Amino acid sequence: MEFSIVFLGLIVLIGLFVMTIYNRLVALRQTTRQAWGDIDVQLKQRHDLVPNLVETVKGYASHEKETLESVVKARQQAVDASSVKDLAAAENVLSGALRQLFALSESYPDLKANENFLSLQNELADLENKIAAARRFFNNAVSEYNTAREQFPAVVLANSFGFNEADFFEVAANERAAVNAGPSVKF
């Protein structure tokens, strides 16, 4: 009889232990998903802003068709990206194309003075800062989640419960300095 009670108590403790690990991993995965949602919202705003920016520039620099097309193409690649890694790569390309667009604006004083262009440029700079903050929060959430799922004893249970490793939102090494700089806003 005593052995049965001890055995039952041990089973209950193990069950509670497994439940605690499972619930912690669920909470961390949800935090990671929420952080990704925050990035997604900011990127959607950025993607919505790009066509307005291109149309504004097009009126002043219509013969710079190649630069404008590269921005539009990069935006579409970012919109079509299906994974965190693909989106990070596409966003790097879009950031580079936007930098080219802003560099192009330096050659057109009327464009630089255009109130709509300046407003769009300021809005984009603000979005870039928000995206950077959201990316940092997301990467922190991914780090916490991945660490929790790789620590013992959770590592024993994580894969069997479907807790897969999450990807960081990373910038390619060759793009890191340029992306961190963000778009330059000059008056």
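The coordinates are above.
K.L.:
What exactly am I supposed to notice about the overall build of the protein chain here?
P.N.:
Helix and strand content of the protein chain: seven helices and zero strands. When the elements of the protein chain are put in sequence order from the N terminus, they spell out α-α-α-α-α-α-α. Among the 187 residues that make up the protein chain, the fraction classed as buried is 38%. Counting contacts in the protein chain only where the partners sit at least 6 residues apart, residues at least 24 apart contribute 77% of the total. Summed over all atoms, the accessible surface of the protein chain reaches about 11100 Å², with 55% contributed by carbon and sulfur.

K.L.:
Hey, could you run me through unusual backbone geometry in this one?
P.N.:
Backbone torsion omega between Phe152 and Pro153 reads 10 degrees, so that peptide bond is classified as cis. In this fold, Pro153 is placed in the loop between helix 5 (115-150) and helix 6 (154-158).

K.L.:
Can you help me understand the nonpolar core in this one?
P.N.:
Most often, soluble globular proteins have nonpolar side chains that are buried together. In terms of nonpolar packing, the biggest core is built from 45 residues, with Leu53, Val57, Leu98, Leu101 and Phe169 touching the most fellow members. At the level of secondary structure, the elements contributing two or more residues to this core comprise helix 1 (2-60), helix 2 (65-80), helix 3 (84-105), helix 5 and helix 6. Beyond its immediate stretch of four places on either side in the chain, Leu101 contacts Leu53, Val57, Thr67, Leu68 and Val71.

K.L.:
Hey, could you run me through the pattern of salt bridges in this one?
P.N.:
As a working rule, side chains carrying opposite charge can pair if their charged atoms are close by. Inspection of every chain in the model, using the stated rule, returns five salt bridges. Here Arg46 ties to Glu91 by a salt bridge, and the two come within 2.1 Å at their closest N and O atoms. Here Arg46 is found in helix 1, whereas its partner Glu91 is found in helix 3, with 45 residues between them in sequence. Among the residues examined, Arg46 registers a relative accessible area of 2% and is labelled buried. Residue Glu91 is classed as buried on the basis of its relative accessible area, which comes to 3%. One network of salt bridges, with partners in common, ties together Arg46, Glu91 and Glu128.

K.L.:
Any chance you could explain the side chain of Thr67 here in plain terms?
P.N.:
Take Thr67: it is sitting in helix 2. If we skip the residues at most four places from it in the chain, Thr67 touches Gln100, Leu101 and Leu104.

K.L.:
Hey, could you run me through helix 2 in this one?
P.N.:
Two residues of an α-helix separated by three or four positions point the same way, owing to the 3.6 residues in each turn. Along its 16 residues, helix 2 runs 22 Å from first to last C-alpha, staying within 8% of the 22 Å computed at 1.5 Å per residue. The complete set of buried residues in helix 2 reads Thr67, Leu68, Val71, Ala74, Arg75 and Ala78. Down the axis of helix 2, the buried set is contained in an arc of 125 degrees. They therefore lie on one face. The outward face of helix 2, more than 90 degrees from its buried face, is lined by the exposed residues Lys65, Glu66, Lys73 and Asp80. Against the buried residues of helix 2 lie helix 1 and helix 3.

K.L.:
Help me understand the environment of Leu53 in this model?
P.N.:
Among the secondary structure elements, Leu53 is positioned in helix 1. Judged by its relative accessible area of 1%, Leu53 falls in the buried class. Residues Leu53 and Phe102, spaced 49 residues apart in sequence, show a C-alpha to C-alpha distance of 10.0 Å. Setting aside chain neighbours within four positions, we find Leu53 in contact with Leu98, Leu101, Phe102, Phe117, Leu120 and Leu124.

Rules behind the numbers
Residues numbered from 1 in each chain as written. Predicted model: local features only at pLDDT ≥ 70, side-chain atom pairs only at ≥ 80, totals over all residues. Heavy atoms only, no water. Helix = DSSP H or I, 4+ residues; strand = E, 2+ residues; numbered from the N terminus. Buried < 20%, exposed > 50% of the residue type's maximum accessible area, 1.4 Å probe, protein only. Contact = heavy atoms within 4.5 Å. Areas by Shrake-Rupley, 256 points an atom, 1.4 Å probe, with all protein chains shown as cover. Core = buried A, V, L, I, M, F, W, Y, C linked by side-chain atoms within 4.5 Å. Salt bridge = Lys/Arg side-chain N within 4 Å of Asp/Glu carboxyl O. Expected span 1.5 Å × (residues − 1). Arc of directions from axis to C-beta.

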